[in-house]
Amino acid sequence: MLMGKVVGSVVSTRKNENLVGNKFMIVEVADHMRQGAKQIIAIDKIGAGIGEYVLVVQGSAARIGSGMPEAPIDAAIVGIIDEGLGLE
Amino acid sequence: MLMGKVVGSVVSTRKNENLVGNKFMIVEVADHMRQGAKQIIAIDKIGAGIGEYVLVVQGSAARIGSGMPEAPIDAAIVGIIDEGLGLE
Amino acid sequence: MLMGKVVGSVVSTRKNENLVGNKFMIVEVADHMRQGAKQIIAIDKIGAGIGEYVLVVQGSAARIGSGMPEAPIDAAIVGIIDEGLGLE
Amino acid sequence: MLMGKVVGSVVSTRKNENLVGNKFMIVEVADHMRQGAKQIIAIDKIGAGIGEYVLVVQGSAARIGSGMPEAPIDAAIVGIIDEGLGLE
Amino acid sequence: MLMGKVVGSVVSTRKNENLVGNKFMIVEVADHMRQGAKQIIAIDKIGAGIGEYVLVVQGSAARIGSGMPEAPIDAAIVGIIDEGLGLE
């Protein structure tokens, strides 16, 4: 998993039907946890707000662990981090 | 997921039979969402056009979420983004 | 798999229900085993302590191999390394 | 998926039994589609020749989409590209 | 898949029970096949020795293709390469 900060969201009206009802958040990945990309898009089932530090899971775990095994999702916010931990 | 812009397509006449009927779009990944590659090839079941900003999913979610679990697909366009969001 | 050193942990009170009861450790990836990220977050079912050198598995193997196939987990500590092997 | 050019092959006599009968091609990944590695090894069920431009799929889709779900394969050539598209 | 050279091994006494009986080899990835990491840890069911050039598979194919679908394994040596192919 990686840590990051929610910095925005993306709106997509025309999309895969299995994505309807999901929120797409833009997460700024913490510097020391970057594989390369500065930001990723993750669905949010936890209710994270802009500015919150979150735990993001990637890969098949994102859809299966979010209870949407048939959805085209490869990243999901799965926790709100209690303290910022040097992310700023 | 990542955001990108559709910049072209690839034609492959001789291909795996599970790929027949799919369109292969070249997606230019947004700068701040690059893992390393500037462009990736994604199938398109949404009807994205050249120049449109799209949401791309990678990994097993691309084939399962597109309803083609047996197809050799590792990236799919799953949404058209309503606004460009600093992608230009 | 990759080797790394446990350097801390993350606390998340509000999280996906399939994550309840797990510990999230911050693992500093050994220099020569970095894909790009300096640190990753991995669950720990082995009981690794801060400062210990560990073996980390990523992807679907993390949740399936840890006996939590439905959990949103993409990295897990699966072994404690007996010797440091030039990780310092 | 990514595009690349077949530049060689690898011979492995002693190998996992589920790999027997497969050809291992060395694919030079197109510059703008590199995640980091300049070359990858992919199995070929399409009959691609040295010098041909191909479409390569990675991850679980490589084995499942090639009809070998039990084989230790993480990359497969799944199409021959009709035109070079700036790969040279 | 990628090519590399076996350069050592890792010993882990305290580990996930599904890993018991496996050997963890340190594989130095060939320069032109590096995604980023110089070395990875892979299990070995083929009997590769230190100094041998090997074919390594990553992801779910490593555990499924090695006949250990429930093991926390994300990389496996699946072949010994007959010739070095410019790896030195």
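Here, the structure is the one placed above.
Not measured: the values here are computed from a predicted model. (Residues numbered from 1 in each chain as written. Chains lettered and ligands numbered in written order. Predicted model: local features only at pLDDT ≥ 70, side-chain atom pairs only at ≥ 80, totals over all residues. Heavy atoms only, no water.)

1. Points about the overall build of chain A
The helix and strand tally for chain A stands at one helix and five strands. In sequence order, the secondary structure elements of chain A are arranged as β-β-β-β-α-β. Taking 12 Å as the expected radius of gyration for a compact globule of 88 residues, we find that chain A reaches 12 Å, a close match to that expectation. The principal-axis extent of the C-alpha atoms belonging to chain A is close to 40 × 25 × 25 Å. Every one of the 88 residues in chain A was classed for burial, and the buried ones make up 58%. A fraction of 54% describes how many contacts in chain A between residues 6 or more apart in sequence connect residues 24 or more apart. Counting every atom, chain A has about 3200 Å² of accessible surface; 48% of that belongs to carbon and sulfur. One finds the centroid of the 8 positive side-chain charges in chain A at a distance of 8 Å from the centroid of its 10 negative side-chain charges. (Helix = DSSP H or I, 4+ residues; strand = E, 2+ residues; numbered from the N terminus. Rg over C-alpha atoms; globule rule 2.2 N^0.38 Å. Buried < 20%, exposed > 50% of the residue type's maximum accessible area, 1.4 Å probe, protein only. Contact = heavy atoms within 4.5 Å. Areas by Shrake-Rupley, 256 points an atom, 1.4 Å probe, with all protein chains shown as cover. Lys, Arg positive; Asp, Glu negative; His and termini not counted. Charge placed at Lys NZ, Arg CZ, Asp CG, Glu CD.)

2. Remarks on the interface of chain A and chain C
On the side of chain C, 31 residues touch chain A, which itself brings 26 residues to the contact. Across the chain A to chain C interface the summed buried area is about 2100 Å²; carbon plus sulfur atoms make up 54%. It is M1(A), H32(A) and Q35(A) in chain A that bury the most area against chain C; as a group they hold 29% of the surface buried on that side. Remark: the boundary between chain A and chain C carries one salt bridge. Among the salt bridges present, the one from E52(A) reaches R14(C), with a minimum N-O distance of 3.3 Å. Connecting chain A to chain C are 16 residue pairs in polar contact (both at pLDDT 80 or more). Within the residue set of the side of chain A that touches chain C, elements represented by two or more residues are β1 (2–10), β4 (53–58), α1 (60–64) and β5 (75–80) of chain A. Here the side of chain A that touches chain C is composed, by residue class, of 14 nonpolar, eight polar and four charged. (Buried area = accessible area lost by both parts, 1.4 Å probe. Salt bridge = Lys/Arg side-chain N within 4 Å of Asp/Glu carboxyl O. Polar contact = N/O pair within 3.5 Å; in protein donor to acceptor, adjacent residues only side chain to side chain. Nonpolar A, V, L, I, M, F, W, Y, C, P; charged D, E, K, R; others polar.)

3. Focus on the interface of chain E and chain D
Chain E puts 26 residues into the contact, and the matching count from chain D is 31 residues. Between chain E and chain D, the buried area comes to about 2100 Å², and carbon and sulfur atoms account for 54% of it. Counting across the interface, chain E meets chain D through one salt bridge. Along the contact surface separating chain E from chain D lie 16 residue pairs in polar contact (both at pLDDT 80 or more).

4. Looking at the pattern of salt bridges
The tally for this structure, following the rule as stated, stands at 20 salt bridges over all chains. A salt bridge links R34(B) to D31(B); its shortest N-O distance comes to 3.1 Å.

5. What about empty space enclosed by the protein?
Unfilled space is identified by rolling a water-sized probe across the atoms. For the structure shown, the criterion picks out five cavities of 30 Å³ or more. In this model, the largest cavity occupies a volume close to 60 Å³. In terms of lining residues, the largest cavity is bounded by Q35(A), L2(C), V29(C), M33(C), R34(C), Q35(C), G36(C), A37(C), I40(C) and Q58(C). Here the residues of the lining of the largest cavity sort into five nonpolar, four polar and one charged. (1 Å grid on protein atoms, 1.4 Å probe; cavity = no way out; pocket = protein on both sides within 12 Å on 5 of 7 lines; lining within 4 Å. Points joined across faces, edges and corners; volume = space filled by probe spheres on them.)

6. Section: the relation of the copies chain A and chain C
Once turned by 72 degrees and shifted 0.0 Å along the axis, chain A lies on chain C with an RMSD of 0.0 Å. Put plainly, the chains are arranged around a five-fold axis. Take the interface residues of chain A: only 12% of them recur as interface residues in chain C, which is what a contact between different surfaces looks like. (Least-squares fit on C-alpha atoms with pLDDT ≥ 70 in both.)

7. Focus: the arrangement of the chains
With respect to C-alpha atoms, chain B approaches chain C no nearer than 9 Å, and the pair has no contact. Taking C-alpha atoms as the reference, chain B and chain E come no closer than 9 Å and do not contact one another.

8. Topic: the relation of the copies chain E and chain D
By a simple turn and slide, chain E fits onto chain D: the slide is 0.0 Å along the axis, the RMSD is 0.0 Å, and the turn is 72 degrees. Mapped onto chain D, only 12% of the interface residues of chain E again fall at the interface, so the copies present different surfaces.

Geometry only, nothing functional implied.
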